[in-house]
Structure formats: C-alpha cells, structure tokens
Amino acid sequence: MPASRSSPNPRHAARLRPSRQRGWLWLLFLVPLLGVLAGLGALVLYSIPLDQQIRAEFEGRRWALPARVFARPLELYVGLPLTQAALERELGLLHYRRGDTQATGEFRVQDGGVIIHTRGFPFADGHEPARRVRVHFEGGRISRLGDVSSGESLGIMRLEPSLIANIYPAHGEDRVLVRLEDVPQSLIDALLATEDRKFYEHLGIDFIAVFRAAVANLQAGRTVQGGSTITQQLVKNYFLTRERSLRRKFNEAIMALLLERHYSKADILEAYLNEVYLGQDGSRAIHGFGLAAQFYFQRHLSELSAEHMALLVAVIRGPSYYDPRRHPQRALERRNRVLDMMVAQGVLDSASASQARARPLGVTEKAPSGITPFPAFVQLVREQLRRDYAEEVLQSEGLLIFTTLDPLVQLYAEEALSNRLRQLETARRLEEGTLQGAVVVTTTDSGGEVLAVVGDRQVRYAGFNRALNAQRPIGSLIKPVVFLAALERPQEYTLATLLDDDPLEVRMPHGATWAPRNYDRQFHGQVTLMDALVRSYNVSTARLGLSLGLEQVVTQFERMVPGKWPAPYPSLLLGAVELTPFEVAQMYQGIAAGGYSAPLRAIREVLSTEGALLQRYPLSLRQVADPAAVYLLTAALHEVTRRGTAASLQNVLPRDKAVAGKTGTTDELRDTWFAGYSGEHLAVVWVGRDDNQSTGLTGASGALPVWGDLMKPLLRRGLEQPPPQGIEWYLIDQQTGLLANDDCEQTTWMPFVQAFIPSDWAPCARPASPPPDANDTPIIF
Amino acid sequence: MLKPVLITLLALSLSACGLLGKDSRSTRPAPSAQEIPPAPVATSRPSAPVPTPAPSPTPPEVVAFTPPEPPRPAEPPPRVETHPRAPALARSSTPPLAQNTSAPQGSPAVVALLQDAEQLLERGQTEQSAARLERALRIEPNNALLWQRLALVRLEQGQLTQAETLALRANEFARGDRRLMARSWRIIAQARSQRGDEQGAHEALQRARELDGAALG
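Just so you know, these numbers come straight off a predicted model, no measurement behind them. (Residues numbered from 1 in each chain as written. Chains lettered and ligands numbered in written order. Predicted model: local features only at pLDDT ≥ 70, side-chain atom pairs only at ≥ 80, totals over all residues. Heavy atoms only, no water.)

A. Representation of the overall build of chain B in the model. Helix and strand content of chain B: eight helices and zero strands. Order of helices (α) and strands (β) in chain B, N terminus to C terminus: α-α-α-α-α-α-α-α. Across the 217 residues in chain B, those meeting the buried criterion constitute 53%. Nonlocal contacts in chain B, meaning residues at least 24 apart in sequence, comprise 63% of its contacts between residues at least 6 apart. Accessible area of chain B: about 9,900 Å², with a carbon and sulfur share of 59%. (Helix = DSSP H or I, 4+ residues; strand = E, 2+ residues; numbered from the N terminus. Buried < 20%, exposed > 50% of the residue type's maximum accessible area, 1.4 Å probe, protein only. Contact = heavy atoms within 4.5 Å. Areas by Shrake-Rupley, 256 points an atom, 1.4 Å probe, with all protein chains shown as cover.)

Next up, the structure:
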C-alpha cells in the first residue's frame with residue numbers, strides 16, 4: 001500500500017528513476033532494487049489508466065440532470081384578485097411552513113395579513129431576492145404589499161415557481177446540484193465528524209481510521225465501522241458496483257490518492273456533496289444533499305436544522321437500511337449517534353444536541369413523487385418541447401422549463417371534474433366510474449396561455465389523456481363558427497336577422513335526404529339569429545350554413561383551428577367533426593380574445609441549468625375574425641348563459657359577472673360539451689364515456705355543471721371585450737327582429753354594427769313611434 | 001431614354017411627399033420606430049429621451065362608443081333590472097370620458113414593468129423588453145398601451161406581421177384615445193412600409209393623421 005503513495009502519477013514516477021550504478025558488488029543490491037523498481041513500474045503502469053479514468057470522471061463529469069418543469073410563479077401585487085385562503089394554498093404547494101418567519105420557507109398569519117419569508121428565485125429576467133414580505137387582503141384582493149425589513153411597499157414581486165415535474169430517463173440518478181458555498185457549514189461539520197475526521201489532513205486515505213475500523217470490526221466480529229475517507233467514498237460512488245473484492249478496494253485507494261493529488265479539498269468535498277447516494281424512489285436514485293433535503297424534508301438545504309442534518313449524514317451509511325420512512329427506529333438511533341459524534345467532535349454543543357435528540361425525524365410522510373402530480377398538463381409540455389429538444393437533452397441537460405400552469409386553477413379544475421362526475425353518477429344511478437371527462441383552461445386575453453389540463457377523472461393517473469387525445473364529435477359547439485361566418489357579412493346578417501326554422505330537407509348527391517331536427521323535436525318558424533344560437537336550434541343553423549355556403553364555414557373553421565379541414569358535408573353544420581378538448585379550446589380562444597387568436601402555449605421559457613435563457617415562447621397573435629363580428633357573437637353567447645341552453649348558470653355564478661359559452665351534445669347523448677369564457681378564463685369541458693355509449697346527459701346537464709363548479713371560485717372578471725368602433729346596442733323585439741320599446745313583451749338588447757341597425761319598429765312599438773330614419777334616430781356619440 | 005427614369009423619380013418623390021404630408025417631424029416616407037411618439041410612461045426618469053406629445057388643449061371627444069340606449073321615440077329608460085346583461089357587457093365598454101391623456105391607467109405593478117420594458121428597449125434588449133410587457137399583459141390584458149409597446153418591440157425586431165397585428169389589437173382597447181390609436185397606425189404604417197406595401201403604409205399613415213387631427217381638435 002505505501003508504494004502507491006510514491007507513484008501518484010506517471011510524470012512524477014519518471015523522476016524517481018535511480019542513476020546507473022557500476023560494479024558487480026552492487027549486483028547484490030541491484031537485484032532486489034530492480035525488483036522494487038519493477039514493482040513500482042508495474043504500479044505506475046497500472047495506475048495510468050486509473051488516473052485517466054478518475055480524472056475524466058471528475059473533470060468531465062457532467063451529471064446527467066433531468067429537466068425540471070415549473071409552474072408559473074405567483075406574481076403578487078396590489079390589486080391582484082387573491083384570497084388569503086388561495087395564497088395559503090399556494091404556499092402549501094411550495095412547502096412553506098407555518099413558523100416565526102425567521103427562516104426562509106416560513107409564513108405566519110398576523111394582524112389580518114400574512115407574513116412570508118420568501119426563498120427567492122433566479123428568474124430568467126432577474127433575480128428575485130429572498131425577503132420577508134407582508135400581504136394584506138381586502139375584498140378578495142391584495143390591498144397592501146410591503147417589505148417587512150425596509151417597511152417599504154412593493155410594486156410587484158414573485159414567489160418561486162413550484163416544481164411540477166422532472167423529466168427522467170426510465171432509470172437513473174437524480175440530484176439537485178449545490179455549490180459548496182451554499183451548503184450550511186454545520187452540515188459539513190456533521191458530515192466530517194461522522195465520516196472523515198481527518199479530511200483536511202489526509203492524502204486520500206486515513207490509515208489510522210482504517211486501523212481503528214479494523215480493530216473495531218475484529219472486536220465486534222462484523223463490520224461496524226468503516227475507515228473510508230470522503231475521497232474514497234466519492235470514488236466508490238463514481239463507480240458504484242456491488243463488487244466487494246480486494247482488487248476493487250485497491251483500485252479505490254489508488255484513485256483516492258490520485259484525486260487528492262490533482263484536486264483541492266474544496267473541489268472534492270463539493271463533488272461528494274452532490275454525488276453521495278442517499279436514497280431510492282422507485283427507479284430513481286436520490287443523489288446529493290440538495291435533493292435529499294427535498295426528498296426527506298421538503299426543505300431547501302439552508303432550511304435544515306441540526307436533527308435534519310444529522311439524519312442526512314446518518315443515512316449515508318446505508319440509505320436502504322436506515323431508510324427513515326421504512327425503518328424509522330433504526331434511522332432515529334443512527335441519527336442520535338451522529339448527534340453524539342458531533343458533540344464529541346466539538347461541532348455541536350450538548351444543549352443543542354439534546355434538544356435535537358428529543359425531536360422526531362421530521363421526515364415528510366410520503367416521498368415527494370418524482371412522478372408529476374399533473375400528468376395531463378406535463379404531457380402537453382412534453383409535446384411542445386419535443387418540437388425543439390431531443391429526448392436525451394431533456395433527460396440529461398438539466399434544463400429549466402417554465403410553464404404556464406396555474407396550480408390553483410389546475411386544482412379547481414380537478415376538483416370540479418372528479419366531484420361533479422361522482423355526483424352525476426349518483427344522481428343518475430350510474431355505476432361508479434362510468435363517466436369520464438376532460439378539462440382545458442386557458443387565459444382569455446393575454447395570449448393563449450394554458451393554465452390547466454385535466455385528462456382523466458383520476459387526476460393523478462398518467463393514463464389516456466382525453467384532453468389532448470380524445471377526438472370526439474363536437475356537436476353544437478361548432479355553431480359559433482357558422483354564426484361568425486354569417487356575422488362577418490354585416491350587410492347581410494345582424495343578430496336580429498330572422499332565420500327560418502321550418503322543416504328542411506337537403507337532397508344529397510347519392511340520393512339520400514338529410515333532414516335536420518331540433519333537440520326538442522319542434523320547428524320554430526321565424527327566429528332571430530341570436531335566438532337560433534341561444535336556443536341552439538339545428539334547423540335554422542343548418543339553413544343559415546347552407547345559404548352561407550359550406551366552403552365558407554370550412555374556411556372560417558380552419559382559421560379558428562389551424563390545419564383542420566373538415567369535409568364540407570351539411571352535417572358539419574351541426575358538429576359532425578371530431579376535435580379534442582384542447583383543439584376546441586384553441587377554436588374558442590380566438591372568439592374569447594375578440595378575434596385575435598394566439599396559439600395555445602404551455603411553455604413560457606427554457607433556461608439552461610446555469611440559468612441562461614435558451615428559448616422564449618413569445619406571445620404571438622393572428623387575426624382570425626372581424627372583431628366587430630366577434631363582439632356580436634359574444635353578445636349572443638352571453639345570452640346563452642342568461643336565458644338559453646346554459647341558463648342554469650344563473651343559479652351558480654354571480655349575475656353581475658357576465659360569461660359567455662355554448663353547450664354541445666352529440667347523437668344518442670354520447671358526448672356532452674361546454675365551452676365558455678369570462679373576462680379572464682376560457683374553459684372547455686367534455687364529459688362522456690370511454691366506450692362511447694350514451695351518457696344519458698346533455699351538454700347542459702353533463703359538462704355544464706362541471707364548468708359552473710370550476711368557474712365559481714375563478715370568476716373574478718366578467719366579460720370585458722371592448723366594443724369595436726361603431727357598435728351600438730338596441731332593444732329588439734324577439735318576434736320580429738325589429739326595434740322595440742317598453743311596450744313590447746319579449747325583448748333583448750343586441751349590439752349592431754352602426755350602419756346595419758334594423759330600419760323599422762316592431763308592431764308592438766309602432767303605435768307610439770314614428771319609423772326611425774337616419775336623422776331621426778337619436779344616437780349618442 | 002431618360003424620360004421614363006425621370007417620371008419614375010418624379011412619381012417616387014411625389015409619393016414620398018404624399019406620405020410626408022404635413023408631418024414635419026418625419027423626413028422619410030414612413031415614420032421610423034423612433035419617430036412614433038411613445039406613450040408618456042408615468043416615470044420620473046429625468047432624461048426621457050423620447051418626445052412627449054403636447055397635451056391636448058381640449059379633451060378629445062369620444063367617438064363611436066354608445067352606451068346602451070334605446071331609441072328615443074318611446075324614451076324608455078335602460079331596463080337594467082330586466083336586462084342586466086346588456087348593461088353588463090356595455091358597461092365595460094363605456095369609454096373613460098374624463099381621460100384625455102394616454103398615461104397608463106395601470107396599477108403600480110404594471111407601471112413598474114412598463115418602465116423596465118422601456119429601459120430594456122432603449123438598451124436594445126428587445127426580447128427582455130417583450131418579456132416584461134407580456135408579464136404586464138398578464139396583469140392587465142386590456143391595457144392598450146401594453147399591446148402597443150409590444151407592437152413597437154416587434155417592429156424593432158423586424159417581426160412586421162406581429163407588429164401590425166399587435167398594433168391593431170392595441171386599438172381594440174384604445175377606448176377612444178385618439179392619440180394612442182394614431183401611434184398604433186404609425187407603427188402599422190412602418191411595418192407595412194418595411195414589408196414593401198407602400199400603398200398600405202400610405203393608408204395607415206392617413207388614418208394616423210386623421211386621428212391626430214381629430215385629437216388636436
């Protein structure tokens with residue numbers, strides 16, 4: 001063993017070559033000397049590949065880091081609609097704890113506000129410092145926001161984004177890299193006190209420790225103590241094998257000496273802190289203290305107290321044997337022994353140690369899953385990433401992916417779907433689990449950001465993602481596209497234009513006839529365009545679409561859902577086209593955003609593991625419809641939620657916050673849909689069955705209640721599409737589509753493009769009113 | 001032989017004059033991005049390198065936004081109780097009558113982000129500037145100024161179609177602010193001109209000038 005010390009590397013060994021000696025007497029010495037030299041030479045030759053190997057491992061070490069996927073950071077500012085309960089829920093997701101807020105990651109409720117000691121985060125566009133902030137609420141909004149230490153008010157700040165997924169290879173190591181300066185000194189003290197007391201003195205091997213361990217093991221008759229230094233353990237971790245041969249031990253020793261020769265103690269210690277194996281989560285190996293702190297305690301390294309550090313150090317000896325979740329008693333004893341050793345080494349005073357000894361392990365009950373809690377959303381992220389990044393890159397480069405997921409919205413959507421489906425099944429005496437569903441939520445206006453995706457009522461289950469992959473006929477959800485195509489011709493169609501809802505038969509090319517019927521099996525004569533949509537009449541819609549021309553409708557459809565060209569059959573007008581809930585969301589997003597569609601995005605930006613911006617996914621807009629036509633359409637879709645097929649929302653949502661939407665039901669009640677939007681959120685809900693059998697539900701009784709449940713906690717801003725120039729509102733008689741006044745029985749307010757208002761008064765209003773003309777009609781500008 | 005060349009030159013100069021019009025600030029056929037007067041951001045920066053449009057002597061009259069009002073003959077008051085819907089939609093459309101400046105009506109958060117965005121744009125960090133503006137838009141998606149500044153950033157970056165669409169979007173939220181709308185049309189004019197659409201640029205500039213004229217009364 002000592003020989004290896006003198007041949008740490010080949011260059012050095014070369015200098016040891018002795019000068020040539022002459023004289024036969026020296027032969028007596030020469031033979032053994034040659035033997036020693038030959039041995040040394042062999043050792044040198046033996047060490048060369050080991051040296052290359054260990055240096056390549058150490059320097060060229062690029063830890064395979066999985067990509068980290070983050071939710072949107074919660075931005076806090078005065079005026080933000082946010083309740084204290086919602087903030088506390090967000091803090092819970094970020095694993096903040098109630099406490100005195102002396103340490104980061106703690107919060108407390110005090111004086112009607114919340115004090116948070118934030119952790120800070122290095123965002124792409126600037127570092128968010130860790131600080132103590134005070135948040136006050138009033139009327140469902142943040143009313144005051146200030147820095148506690150400086151006492152100054154804050155304009156805007158961000159909490160850190162919560163980690164929602166890691167992109168791993170099927171099997172592999174996982175770690176959260178830390179820099180030496182970010183590791184608490186007391187953790188290093190605890191580590192060295194237990195594992196390697198002479199770390200700063202030895203040259204890679206601590207012979208005294210080896211001897212001590214050998215004696216202890218001999219006395220005990222089994223292995224009770226290890227003599228490996230940190231350096232040796234690092235080497236062992238690099239080439240982790242189960243092999244326990246002498247040859248391996250020998251190699252490890254040589255490599256440890258070589259490492260010490262080439263690199264500083266700080267480098268070796270930092271590598272060790274990131275490399276050491278500390279646990280197992282299924283096929284995922286937990287490496288390094290950074291990840292282990294999260295894995296066991298849901299804390300950042302800087303938030304650990306003495307007993308946490310002692311436990312992490314305790315686990316090193318046998319992550320499986322001392323697994324604190326599976327063998328808490330063993331882990332506790334070992335932890336307390338570590339605390340004792342810390343006291344013995346003088347790195348912890350005995351008072352603190354006995355306090356720490358009295359505390360429980362502090363391990364979270366369940367390991368934070370390496371698997372995402374939001375599988376449907378993460379699948380969307382991965383699909384969008386796949387366009388730009390290879391799978392190996394995602395699994396190994398440690399990319400930081402910032403998504404648009406709003407965890408609060410996601411949780412509301414999950415609860416709305418799973419609770420309501422259970423209720424529907426109970427109410428309809430369906431077997432539990434019969435119904436399935438999907439939800440997609442996006443922003444209405446600020447650029448098509450996807451806030452939530454639910455693809456299964458078992459929301460944590462990463463199975464078939466109905467939101468992205470279930471292609472289903474959309475039924476009446478298509479009607480807004482037909483009506484939009486009409487309203488884009490303001491000289492021909494207004495909301496008051498009368499449509500014919502009498503029986504219709506269309507002779508098809510192959511001889512069959514197509515005769516659409518209304519859901520209520522009735523025909524309704526002359527109805528206003530608005531009413532045809534509000535009551536979702538099929539016959540008048542079909543007639544409207546046919547007179548517009550099917551090609552026209554197909555073109556409008558493709559503008560809303562790029563790349564989709566449905567076949568131009570008359571049945572298209574009633575929704576005989578299959579879309580996924582996600583595609584429906586894209587279609588309605590253009591309407592919700594006033595005719596300016598943005599491709600739905602799940603990713604904001606991608607950063608390298610060092611925090612350099614690699615790619616932004618910017619907001620981009622495309623005009624898909626005339627804003628004036630969309631404004632009229634929204635007015636009609638709003639009416640749907642007031643007195644149409646979705647009128648039941650009136651009992652669920654506050655009436656002073658306007659929403660708009662459309663129900664959809666397909667043949668035999670197989671699919672039930674609702675797509676709707678407020679001033680802030682667009683949500684699409686599908687409810688159906690995987691076996692494509694009848695649900696016995698309509699859009700109004702199946703999907704709509706889910707939508708209502710979802711919007712109830714979310715509805716903070718009603719519709720606020722500004723009317724495009726030249727829009728005016730008039731009171732209209734529903735019977736005739738003509739101008740009405742108070743004398744008329746059934747009236748509706750309708751917006752009109754200025755030049756195309758109805759020219760006449762309805763009979764109910766006529767006796768009192770002269771027919772208005774351009775000069776006569778008082779329009780207030 | 002020279003004749004067609006001369007005619008072409010003449011035509012070009014005429015069209016240039018036409019584009020120039022009476023706009024004394026402009027020396028090129030279409031205004032450059034720098035010449036599009038930026039909205040006065042509510043900052044207290046001492047050296048604002050951007051010209052601020054002179055305050056209008058008279059408040060601009062508000063055009064084309066009609067609060068829901070039934071035709072006069074029968075003079076029924078708006079039936080708020082029985083038709084909460086129409087007022088609900090239309091109320092949000094009521095233009096801020098008193099507002100005669102284009103200062104951002106934004107919250108302190110938006111103003112802070114907007115200031116950052118302006119500074120980043122001045123330093124040429126256009127994408128960072130865009131990121132700030134997108135952040136601000138998440139807070140106030142109905143703020144016309146934010147859409148317009150984003151249009152300007154895209155124009156700087158040469159993303160001409162985006163610049164034009166974003167400027168149009170800005171005007172959807174302008175709520176009668178003519179000066180803001182005029183600025184958007186200048187951005188559109190510039191984008192079209194850079195795309196080689198001189199006719200479209202001319203029309204856009206025409207609209208800007210009409211709006212400016214109306215704004216100045």
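B. View of the state of the cysteines. Residue and element names in this part refer to chain A. In the structure shown here, the tally under the stated rule is one disulfide over all chains. Here Cys-744 is linked by a disulfide to Cys-764, with a sulfur-sulfur distance of 2.0 Å. Residues Cys-744 and Cys-764 share a disulfide whose torsion about the S-S bond is about 90 degrees; that sign makes it right-handed. Taken as a pair, Cys-744 in the loop between β31 (727–733) and β32 (747–753) and Cys-764 in the segment after β32 lie far apart in primary sequence, 20 residues in all. (Disulfide = S-S within 2.5 Å.)

C. Highlighting the environment of Asp182(A). Residues and elements named next belong to chain A. Mapped onto the secondary structure, Asp-182 falls in the loop between β12 (172–175) and α5 (185–195). On the accessibility criterion, Asp-182 (38% relative accessible area) is partly exposed. For the pair Asp-182 and Gly-290, spaced 108 residues apart in the sequence, the C-alpha separation amounts to 9.8 Å.

D. Layout of a nonpolar patch on the surface. A cluster of nonpolar residues, Leu25(A), Trp26(A), Leu28(A) and Phe29(A), forms a patch on the protein surface that exposes about 490 Å² of accessible area. Tracing the sequence through the fold places Trp26(A) in helix α3 (residues 25–59). (Patch = residues over 30% accessible without salt bridge, like charges linked within 9 Å, V, L, I, M, F, W, Y side chains within 5 Å. Salt bridge = Lys/Arg side-chain N within 4 Å of Asp/Glu carboxyl O.)

E. Seen up close, the packing of helix α5 (residues 144–156) of chain B against helix α7 (residues 178–195) of chain B. All names here are of chain B. With their axes 10 Å apart at the nearest point, α5 and α7 run at an angle of 20 degrees to one another. Viewed along their axes, α5 and α7 adopt a mutual orientation that is roughly parallel. Of the two possible hands of crossing, α5 and α7 adopt the one that is left-handed. Residue-level inspection shows Ala-144, Leu-145, Gln-148, Ala-151, Leu-152 and Leu-155 of α5 in contact with α7, the latter providing Leu-180, Arg-183, Ser-184, Ile-187, Gln-190, Ala-191 and Gln-194. Grouping the constituent residues of the contact of α5 with α7 by class yields eight nonpolar, four polar and one charged. (Axes fitted to C-alpha atoms, helices over the stretch in contact; angles between N-to-C directions. Parallel < 35°, antiparallel > 145°, perpendicular 65-115°, else oblique. Left-handed = near helix turned anticlockwise from the far one by under 90°. Nonpolar A, V, L, I, M, F, W, Y, C, P; charged D, E, K, R; others polar.)

F. Representation of the side chain of Asp125(A) within the structure. Its location among the elements puts Asp125(A) in the loop between β6 (121–123) and β7 (126–128). On the accessibility criterion, Asp125(A) (13% relative accessible area) is buried. Engagement of the side chain of Asp125(A) in a polar contact is seen with the side chain of Arg135(B), the distance being 3.5 Å. (Polar contact = N/O pair within 3.5 Å; in protein donor to acceptor, adjacent residues only side chain to side chain.)

G. Quick peek at the sheet that holds strand β14 (residues 284–287) of chain A. Residue and element names in this part refer to chain A. The three strands are arranged β12-β14-β13 in an open sheet whose pairing can be described as mixed. Strands at the two margins of the open sheet, each flanked by one partner only, are β12 and β13 (277–281). For this sheet, the mean angle separating the axes of adjacent strands, direction not counted, is 30 degrees. When β13 meets β14, the two strands line up antiparallel, connected through four bridges. Looking at β14, one finds that Gln-280 is bridged to Ala-285. This element, helix α9 (residues 265–275), spans β12, β13 and β14 of the sheet and lies at about 115 degrees to β12. (Pairing = 2+ DSSP bridges.)

H. Seen up close, the pattern of salt bridges. For the structure shown, the criterion picks out 58 salt bridges over all chains. Between Arg317(A) and Glu195(A) there is a salt bridge whose closest N-O contact spans 3.3 Å. Of this pair, Arg317(A) sits in the loop between α11 (306–316) and α12 (328–344) while Glu195(A) is found in helix α5, placing the two residues 122 residues apart along the sequence. With a relative accessible area of 35%, Arg317(A) lands in the partly exposed category. Given a relative accessible area of 8%, Glu195(A) falls into the buried group. Where Arg359(A) meets Glu307(A), a salt bridge forms, and the shortest distance between an N and an O atom there is 2.9 Å. With Arg359(A) in the loop between α13 (350–358) and α14 (375–386) and Glu307(A) in helix α11, this pair connects stretches of sequence that are 52 residues apart. When its relative accessible area of 36% is taken as the criterion, Arg359(A) is described as partly exposed. Residue classification places Glu307(A) among the buried positions, given a relative accessible area of 5%. One connected set of salt bridges, linked through shared partners, spans Glu449(A), Arg601(A), Arg604(A), Glu605(A), Arg616(A), Glu127(B), Glu134(B), Arg138(B) and Arg154(B).

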